[in-house]
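Chain residues, written in single-letter form:
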Amino acid sequence: MRITPVGDSALRIELGERIDEATSQRVHAACAALDAAAIPGLTELVPAYTTVTAHYDVPAAVAAGAPVDDIAGWLSARAELALGKLSGKSARKAANVEIPVCFGGEFGPDLARVAAHAKLSPEEVVKRHAAAHYTVALVGFSPGFPYLIGLPPVLATPRLAQPRAQVPAGSVGIAGGQTGVYPLATPGGWNLIGRTPLRLFRPEQNPPVLLQPGDRVRFRAITREEFARQEAAR
Amino acid sequence: MISVVKPGLLTTVQDLGRFGYQKFGVVVGGALDRFAARVMNSLVGNDEEAALLEFAQLGPELRFEADALIAWTGADFGARIGGELLSADRAVRVRAGETVAFGAARVGVRGWLAVAGGIEVPLVLGSRTTYRRGGFGGFEGRPLRAGDGLRCGDASEWARRYLGKAPRISTWSVRPPTLGKPPLAGAVRAMRGPEWDWFAVEAQRLFFANEWTATKDADRMGVRLAGPELPQRASREMVSEGVADGVVQVPAGGAPIVLLPSRQTVGGYPRIAVVATVDLGRLAQLAPGRTVRFEEISVAEAHGLYLARERDLNRVRTGLARLAL
């Protein structure tokens, strides 16, 4: 573990170097440990694949006793202490979330491209994508956008050469070895293989997201009719 | 009530930002110069977190339906009521029925207008900041349009008492050095970024030695700078992780981008430097074609500057509290 400053308002806590399930678990366990330690001055923890970024408030840290000439050092020392007994366990109980997806057709215009790249049939791509177990490593890019670990390597497909100006909300995509779901209509260059009727971002609720870092995800193939039914019911 | 006669360009409701939701990918946003927003709110007797208006390049024209106490700052927008110029950084009394008109920005880019009582819009995820891409927060999640009506909250006891005897324009003002105002005097102070060592020695030297030019490619998320390429020692792929305001990231093309408050929550480009919080507001004023230089300071020095500025603001607040009594 290494803690280094990101300017004068954040610390970067490194918990590994590679994108894998074990590192991701350490990242989420570290977030839980830092949350539990309630270090004065720390305002937000942002977990990513291999790091936690801890944002802080300078006057709050000083009010809690941080020496004015070494605020970052004081916060780092407390973070190190909190992470000293880090176990592999995350305190927050990870949710298991099933995401219904209508694959292919107008909802998944790049399914054929992914299939060709993997040298599989489109049906086989859907089967393997939906059979895998995923973990939410981080949520970012846009509100509620989950970056998932667990895509079967054979399905890895390069991004589109030309990003789309607008990807419809709910689109399920693949980019390199990553898979994720677009919660909002935004520009994007991922290969779109299907769409979910679920709302991943809902600012009127708290938490405003369906998926949180650390959650477990499965995809389930649904028909057009079920998609329409669920979309109408939400 | 304030009626929007002309909306200006990108006039939005902002506060200090939406905090606590970055782990869910929700951008912080907020006034691009948070310190200026805090000072303007203080001048009209508001809490620092009160919502105010931010505008860019062309300011709005606003009709006040009731007496109000306002304060504005930022670029020179030539603000006026009828033929009367309204100086920045002072409390200004507006009478019911009067129209406050801002013109086009000269020198800088952005301006902020605080009103006693604050702009009353619903809190979404704890903030009144407009998040345009998500279409929520602020006034219906979008920039203002002609015909919109903005409600104001209740003015504080201080503001009401002051308004009772206020001249059109206050005889006092905050000293401009307290505020990050254009023109950009001196270099912008910055620290080495987390990936500083990834860059070639020549790139490290150039970053602090070169005079960078602001491009048209600038918005609330960041400002792209034009100048020499900043090569890395070796081509390395970065794993996406959390970023912060002021981060200077360098994409493969080599032109640095300085991130502003509406930045994304995570990024995957190497960060050569991070701008000090006290100098962030000045970057929001970089008009296309203007130049900027960076000067290296340590994290501890940046914290010292930050705390000194907080003491400045406390003195302003103390002075104001005494003023009306």
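Residues numbered from 1 in each chain as written. Chains lettered and ligands numbered in written order. Predicted model: local features only at pLDDT ≥ 70, side-chain atom pairs only at ≥ 80, totals over all residues. Heavy atoms only, no water.

Enquirer: I tried to follow the environment of Trp196 of chain B on my own but got confused; where do I start?
Expert: All names here are of chain B. Considering the arrangement of structural elements, one finds Trp196 in the loop between strand S12 (188–192) and helix H3 (201–209). Its relative accessible area of 7% is what places Trp196 among the buried residues. The sequence separation of Trp196 and Ile272 amounts to 76 residues, and the corresponding C-alpha distance is 4.6 Å. Setting aside chain neighbours within four positions, we find Trp196 in contact with Gln204, Phe208, Arg271 and Ile272. (Helix = DSSP H or I, 4+ residues; strand = E, 2+ residues; numbered from the N terminus. Buried < 20%, exposed > 50% of the residue type's maximum accessible area, 1.4 Å probe, protein only. Contact = heavy atoms within 4.5 Å.)

Enquirer: Help me out: how do you make sense of the nonpolar core in this one?
Expert: Soluble globular proteins tend to bury their nonpolar side chains together. Residues and elements named next belong to chain B. Membership of the largest hydrophobic core comes to 56 residues, with the highest contact counts inside it found for Leu69, Phe207, Leu225, Leu230, Ile272, Val275 and Phe294. If you tally residues by element for this core, the top one is helix H1 (residues 34–43), at six residues. Not counting the four nearest positions on each side in its chain, Leu225 is found in contact with Trp212, Thr213, Ala214, Thr215, Ala255, Pro256, Val258, Leu286, Val292 and Phe294. (Core = buried A, V, L, I, M, F, W, Y, C linked by side-chain atoms within 4.5 Å.)

Enquirer: Sorry, what's going on with the pairing of strand S5 (residues 96–103) of chain A here?
Expert: Regular strands have side chains that alternate between both faces of the sheet. Residue and element names in this part refer to chain A. Most of S5 sits inside the fold, with six of its eight residues counted as buried. Pairing between S5 and strand S13 (residues 216–221): six bridges, direction parallel. From the neighbouring strand, Pro100 faces S13, where its bridge partner is Arg220. Strand direction decides the pairing type here: S5 and strand S12 (residues 191–195), joined by two bridges, are antiparallel. Bridge pairing in S12 places Phe103 opposite Gly194. (Pairing = 2+ DSSP bridges.)

Enquirer: What should I look at first to understand the packing of helix H1 (residues 21–37) of chain A against helix H3 (residues 71–83) of chain A in this one?
Expert: Two numbers describe a pair of packed helices, the interaxial angle and the distance between the axes. Residues and elements named next belong to chain A. In the contact formed by H1 and H3, the axes pass within 9 Å of each other and the chain directions differ by 115°. Between H1 and H3, the interaxial angle falls into the category roughly perpendicular. As for the relative orientation of H1 and H3, their crossing is right-handed in sense. Taking contact as the criterion, the partners of Ala30, Ala33, Leu34 and Ala37 in H1 are, on H3, Ala79, Ala82 and Leu83. Of the residues that constitute the contact of H1 with H3, the class distribution is seven nonpolar, no polar and no charged. (Axes fitted to C-alpha atoms, helices over the stretch in contact; angles between N-to-C directions. Parallel < 35°, antiparallel > 145°, perpendicular 65-115°, else oblique. Left-handed = near helix turned anticlockwise from the far one by under 90°. Nonpolar A, V, L, I, M, F, W, Y, C, P; charged D, E, K, R; others polar.)

Enquirer: I keep staring at a nonpolar patch on the surface and nothing clicks. Help me out?
Expert: There is a patch of nonpolar side chains on the surface, built from Leu9, Leu10 and Leu58 of chain B and spanning about 240 Å² of accessible area. Along the chain, the position of Leu58 of chain B falls in the loop between strand S3 (52–56) and strand S4 (61–64). (Patch = residues over 30% accessible without salt bridge, like charges linked within 9 Å, V, L, I, M, F, W, Y side chains within 5 Å. Areas by Shrake-Rupley, 256 points an atom, 1.4 Å probe, with all protein chains shown as cover. Salt bridge = Lys/Arg side-chain N within 4 Å of Asp/Glu carboxyl O.)

Enquirer: Looking at this structure, how should I read the pairing of S12 of chain B?
Expert: Residue and element names in this part refer to chain B. Sheet analysis places S12 next to strand S21 (residues 294–296), joined by three bridges and oriented parallel. Looking at the pairing, Arg189 lines up with Glu295 of S21. Bridge count for S12 against strand S19 (residues 271–275) is three bridges, and the pairing is antiparallel. Bridged to Ala190 within S19 is Val275.

Enquirer: How should the environment of Thr196 of chain A be read in this particular structure?
Expert: All names here are of chain A. Tracing the backbone through its elements, the reader meets Thr196 in the loop between S12 and S13. Along the sequence, Thr196 and Val101 sit 95 residues apart, while their C-alpha atoms lie 4.4 Å from each other. With residues near it in sequence (within four places) discarded, Thr196 still touches Ile99, Pro100, Val101, Gly170, Val172, Val181 and Phe227. Among the polar contacts listed, one links the side chain of Thr196 to the backbone oxygen of Pro100, at a separation of 2.7 Å. (Polar contact = N/O pair within 3.5 Å; in protein donor to acceptor, adjacent residues only side chain to side chain.)

Enquirer: In this structure, what is going on with the pattern of salt bridges? I would like to understand it.
Expert: Pairing between side chains of opposite charge can happen when the charged atoms of each approach one another. Residue and element names in this part refer to chain A. Using the criterion set out here, one finds 36 salt bridges over all chains in the structure. We note a salt bridge from Arg18 to Asp20, for which the minimum N-O separation is 3.9 Å. Since its relative accessible area comes to 60%, Arg18 is described here as exposed. Judged by relative accessible area, Asp20 falls into the partly exposed class, the value being 24%.

Function-wise, these values are silent; they only describe arrangement.
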